[in-house]
Amino acid sequence: MTEATGGDRVTERRVGIVVGSRSDIAAAEKAAAVLDELGVASEIRVISAHRAPGLLARFVSTAEDRGIRVVIAIAGLAAHLPGVVASQTTLPVIGVPMAGGVSDGLDALLAIVQMPKGVPVATVGVGNGENAGLLAAAILAVSDPALRERLVARRVTQAEAIAADEANEGL
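Residues numbered from 1 in each chain as written. Predicted model: local features only at pLDDT ≥ 70, side-chain atom pairs only at ≥ 80, totals over all residues. Heavy atoms only, no water.

Examining the layout of surface pockets
Inference 1: As a volume, the largest pocket reaches approximately 280 Å³.
Inference 2: Together, 18 residues line the largest pocket, and Gly20, Asp24, Ala75, Gly76 and Leu77 are the ones closest to its centre.
Inference 3: Its residues assigned to classes, the lining of the largest pocket shows 8 nonpolar, 8 polar and 2 charged.
Inference 4: As for the second largest pocket, its lining consists of Leu134, Leu135, Ala138, Leu151, Val152, Arg154, Arg155 and Gln158.
Inference 5: Those elements giving two or more residues to the lining of the second largest pocket turn out to be α5 (129-141) and α6 (145-164).
Inference 6: Among the elements that line the lining of the second largest pocket, the one with the most residues is α6, at 5 residues.
Inference 7: Classifying every residue of the lining of the second largest pocket gives 5 nonpolar, 1 polar and 2 charged. (1 Å grid on protein atoms, 1.4 Å probe; cavity = no way out; pocket = protein on both sides within 12 Å on 5 of 7 lines; lining within 4 Å. Points joined across faces, edges and corners; volume = space filled by probe spheres on them. Nonpolar A, V, L, I, M, F, W, Y, C, P; charged D, E, K, R; others polar. Helix = DSSP H or I, 4+ residues; strand = E, 2+ residues; numbered from the N terminus.)

Details of the nonpolar core
Inference 1: Membership of the largest hydrophobic core comes to 27 residues, with the highest contact counts inside it found for Val15, Ile17, Leu38, Ile72 and Ile74.
Inference 2: In contact with Ile17, not counting residues within four places along its chain, are Ala28, Ala31, Ala32, Leu35, Ser42, Glu43, Ile44, Arg45, Ile72 and Ile74.
Inference 3: By size, the runner-up hydrophobic cluster in this structure holds 20 residues, among which are Phe59, Ala75, Ala86 and Ile112. (Core = buried A, V, L, I, M, F, W, Y, C linked by side-chain atoms within 4.5 Å. Buried < 20%, exposed > 50% of the residue type's maximum accessible area, 1.4 Å probe, protein only. Contact = heavy atoms within 4.5 Å.)

What about the sheet that holds strand β2 (residues 41-46)?
Inference 1: The strand order across the open sheet formed by 5 strands is β2-β1-β3-β4-β5, and the pairing between neighbours is parallel. Only two strands of the sheet have a single neighbouring strand rather than two, namely β2 and β5 (122-123).
Inference 2: Note: strand β1 (residues 14-19) against β2, 6 bridges, orientation parallel. Within β2, the residue paired with Arg14 across the bridge is Ala41. (Pairing = 2+ DSSP bridges.)

Brief notes about the pattern of salt bridges
Where side chains of opposite charge bring their charged atoms close, a pairing between them can arise.
Inference 1: This model, assessed by the stated rule, comprises 5 salt bridges.
Inference 2: Of the charged contacts in the structure, one is a salt bridge between Glu43 and Arg66, with a shortest N-O distance of 2.6 Å. Residue Glu43 is located in strand β2, and its partner Arg66 is located in the loop between α2 (53-61) and β3 (68-75); the two are separated by 23 residues in the primary sequence.
Inference 3: Judged by its relative accessible area of 1%, Glu43 falls in the buried class. (Salt bridge = Lys/Arg side-chain N within 4 Å of Asp/Glu carboxyl O.)

With respect to the pairing of strand β4 (residues 93-97)
Inference 1: Of all 5 residues in β4, 5 are buried; the element is thus mostly enclosed.
Inference 2: Burial along β4 is two-sided: Val93, Gly95 and Pro97 facing one way and Ile94 and Val96 facing the other are all buried.
Inference 3: Across 5 bridges, the pairing between β3 and β4 is parallel. Note on β4: the bridge partner recorded for Val71 is Val93.
Inference 4: In this fold, β3 hands off to helix α3 (residues 81-87), which returns the chain to β4; that crossover is right-handed.
Inference 5: The pairing of β4 with β5 spans 2 bridges and is parallel. Within β5, the position partnered with Gly95 by the bridge is Thr123.
Inference 6: Taken together, β4, helix α4 (residues 106-113) and β5 constitute a β-α-β crossover, and its handedness is right-handed. (Right-handed = clockwise from strand over helix to strand, strands pointing away.)

Here it is as structure tokens:
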């Protein structure tokens, strides 16, 4: 579990990050790092939708009581985890497909993107935990002006770094 402090601030809004197996933990850690940077507390759990469905149901059913407001679900291959989570909660769910399987992650991407009507899952690029963290923060920032300011500052810093690259000299 990670408690984000972002300086002196600890946010009450939290993000639950769940991976289907330990092999996907690097993407979860990238999401958590972005959230930490922005002062958003998060937790990481390893729960397979197929091998531990009861544990996953407990994770989802207790999420709001634990302060979770957005869930990031990371899975490869058939990638059922994000959809199973979304089927059990009305919290926003962000799916991160992982490489491996058919066409190096295409199967996971399609499994997450093609959710049935009525059970939406937002989806980021294959293996892109960082964007999942940023999207979770953006969702929370809708009702948190201080977090919104931190997101804006991060974008400004990002743009300044690109502009300062020597390849862009004279622009």
